[in-house]
Amino acid sequence: MKKVLLTLVLILGFLTANAQVEKLAGPRVGFTYITAGPIADFLHDGFDFDEDEDGGYGSTGPAFTTLYGWQWESRFADGGGNITGIVEWIVLVGGMERGKFLPSASSIIGARTDKGLEFGIGPNVSLAGIGMVFGVGYNFKSGRLNLPVNISVLPGRKMTGEIQNQGGNWQTEEYEYNTGTRIAITLGFNMSK
């Protein structure tokens, strides 16, 4: 009986604490600049890109693409002070204006000041792999309406690839390339309750 009572108290305590956390969600749109690398090559040439013939990854140059997605936000550590802790989950799709599908998902933990300045860091998963995203922005408020505008940077990573050459016999040569740095500007909206 004590275990059942303790379980009920814990569940009610969790639900009460969870009800005090403000949760927001809303759409995000924007664009991103991608430096030379395999994602920029995919945007330019799609699956027709041949790294062996075209000189390796990044030979097509940098690319721009639009972004469309959704953001979920939970606020925590809000003691009524000047800074509130935030956790954001952002799912975006890029490349649609070119008929491509480039999904990415980020989880960002950070803080927002009472004036609206926000900053954060967290992991990002995309077709380029896993990396860390760094973001800064400002949350414009008009009544209960929030209008977040953010700039985020996801640095490229050095990777190693292989090319097979036929110089009398098949030889494998390794080369280095960069996945491409992504710099994005996004804006969105959501309503606080």
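Not measured: the values here are computed from a predicted model. (Residues numbered from 1 in each chain as written. Predicted model: local features only at pLDDT ≥ 70, side-chain atom pairs only at ≥ 80, totals over all residues. Heavy atoms only, no water.)

Draft legend 1. Quick look at the overall build of the protein. Within the protein, the secondary structure is distributed over three helices and eleven strands. Within the span of the protein, comprising 193 residues, buried residues form 37% of the whole. Considering only contacts in the protein between residues 6 or more positions apart, those separated by 24 or more positions represent 51%. (Helix = DSSP H or I, 4+ residues; strand = E, 2+ residues; numbered from the N terminus. Buried < 20%, exposed > 50% of the residue type's maximum accessible area, 1.4 Å probe, protein only. Contact = heavy atoms within 4.5 Å.)

Draft legend 2. The arrangement of helix α2 (residues 38-45) in detail. Three or more residues of α2 are buried, namely Ile39, Ala40, Asp41, Phe42 and Leu43. Buried residues along α2 sit against β1 (23-34), β2 (63-76) and β4 (102-113). Among the residues trailing α2, Gly46 stands out with phi positive, at a value near 65 degrees.

Draft legend 3. Representation of the packing of aromatic side chains. For the structure on display, the rule yields three aromatic pairs. An angle of 55 degrees between the planes, with centres 5.2 Å apart, marks the rings of Tyr33 and Phe64 as tilted. Here Tyr33 is found in strand β1, whereas its partner Phe64 is found in strand β2, with 31 residues between them in sequence. Taken together, a centroid distance of 4.6 Å and an interplanar angle of 65 degrees make the contact between Tyr138 and Phe140 edge-to-face. Pairwise contacts between aromatic rings join Phe31, Tyr33 and Phe64 into one cluster. Across from the ring centre of Phe42, 5.9 Å away, lies the NZ or CZ of Lys100, which sits over that ring. (Phe/Tyr/Trp six-rings, centres within 6.5 Å; stacked < 30°, edge-to-face > 60°. Lys NZ or Arg CZ within 6 Å of the ring centre and 35° of its normal.)

Draft legend 4. Up close: the environment of Ser59. By secondary structure assignment, the location of Ser59 is in the loop between α3 (51-54) and β2. Assessed through its relative accessible area of 40%, Ser59 is described here as partly exposed. Remark: the alpha-carbon pair of Ser59 and Ala40, spanning 19 residues in sequence, is separated by 9.2 Å.

Draft legend 5. Geometry of the nonpolar core. Ranked by size, the top nonpolar core spans eight residues in total: Ile34, Ile39, Ala40, Phe42, Leu43, Ala63, Leu102 and Ala128. What Leu102 contacts, discounting residues up to four positions off in sequence, is Ile39, Phe42, Leu43, Leu92, Val93, Gly94 and Leu127. Leu67, Leu92, Val133 and Leu154 belong to the second largest nonpolar core, which has seven residues in total. (Core = buried A, V, L, I, M, F, W, Y, C linked by side-chain atoms within 4.5 Å.)

Worth remembering: the numbers are spatial, not functional.
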